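Secondary and tertiary structure notes
The primary structure of each chain is shown beneath.
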Amino acid sequence: MSYHLEYVDKPERFDEVVEQDGVTVVVDSKALFSIIGSTMNWEEGPLGAKFVFNNPNIKDACGCGESFTV
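Residues numbered from 1 in each chain as written. Predicted model: local features only at pLDDT ≥ 70, side-chain atom pairs only at ≥ 80, totals over all residues. Heavy atoms only, no water.

**Concerning a nonpolar patch on the surface**
On the surface, Leu5, Met40, Trp42 and Phe51 cluster together into a nonpolar patch covering about 410 Å² of accessible area. As for its placement among the helices and strands, Met40 is situated in strand β3 (residues 39–45). For Met40, a relative accessible area of 31% translates into the label partly exposed. (Patch = residues over 30% accessible without salt bridge, like charges linked within 9 Å, V, L, I, M, F, W, Y side chains within 5 Å. Areas by Shrake-Rupley, 256 points an atom, 1.4 Å probe, with all protein chains shown as cover. Salt bridge = Lys/Arg side-chain N within 4 Å of Asp/Glu carboxyl O. Helix = DSSP H or I, 4+ residues; strand = E, 2+ residues; numbered from the N terminus. Buried < 20%, exposed > 50% of the residue type's maximum accessible area, 1.4 Å probe, protein only.)

**Here's the deal with the side chain of Asp15**
Along the chain, Asp15 falls in the segment before β1 (16–20). Only 3.0 Å separates the side chain of Asp15 from the backbone nitrogen of Glu12, close enough to count as a polar contact. Among the polar contacts made by the side chain of Asp15, one reaches the main-chain amide nitrogen of Ser29 at a distance of 3.1 Å. (Polar contact = N/O pair within 3.5 Å; in protein donor to acceptor, adjacent residues only side chain to side chain.)

**Brief notes about the pairing of strand β4 (residues 48–54)**
Relative to β4, β3 runs antiparallel, the two sharing seven bridges. Counted as the bridge partner of Gly45 is Gly48 from β4. As consecutive antiparallel partners, β3 and β4 are separated by two residues. (Pairing = 2+ DSSP bridges.)

**Here we look at the packing of aromatic side chains**
The full count for this structure, using the stated rule, is one aromatic pair. Aromatic side chains Trp42 and Phe51 sit 4.9 Å apart centroid to centroid with 70° between the ring planes, which places their arrangement in the edge-to-face category. Here Phe51 falls in the partly exposed class, since its relative accessible area comes to 38%. (Phe/Tyr/Trp six-rings, centres within 6.5 Å; stacked < 30°, edge-to-face > 60°.)

**A short note on the confidence of the model for the protein**
Averaged over the protein, the pLDDT score is 83; the fraction of residues at 70 or greater is 83%. Per-element confidence in the protein ranges from a low mean pLDDT of 60 for strand β6 (residues 68–69) to a high of 91 for β1. (pLDDT = per-residue confidence, 0-100.)

**Observations regarding the side chain of Asn55**
Topologically, Asn55 is positioned in the loop between β4 and β5 (60–61). For Asn55, a relative accessible area of 7% corresponds to the buried category. Within the structure, Asn55 has its side chain in polar contact with the backbone oxygen of Ser34 (distance 3.0 Å). At a separation of 3.3 Å, a polar atom in the side chain of Asn55 contacts the side chain of Ser38.

Printed below as a string of structure tokens:
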């Protein structure tokens, strides 16, 4: 599995909508059980900025951290 971010105009029927600090995130209904308890943060550093995910359900991940197994 991996995280996939894209813009959407409106959520699908069973998608989860999360709003916090003026930001709205739509979670695909097929991914909900894989990310329960996860956090997503925006981090800025000297080499750039990125979203950082902390998912307590991950059992194994690749060396670069881009894909994982739950």
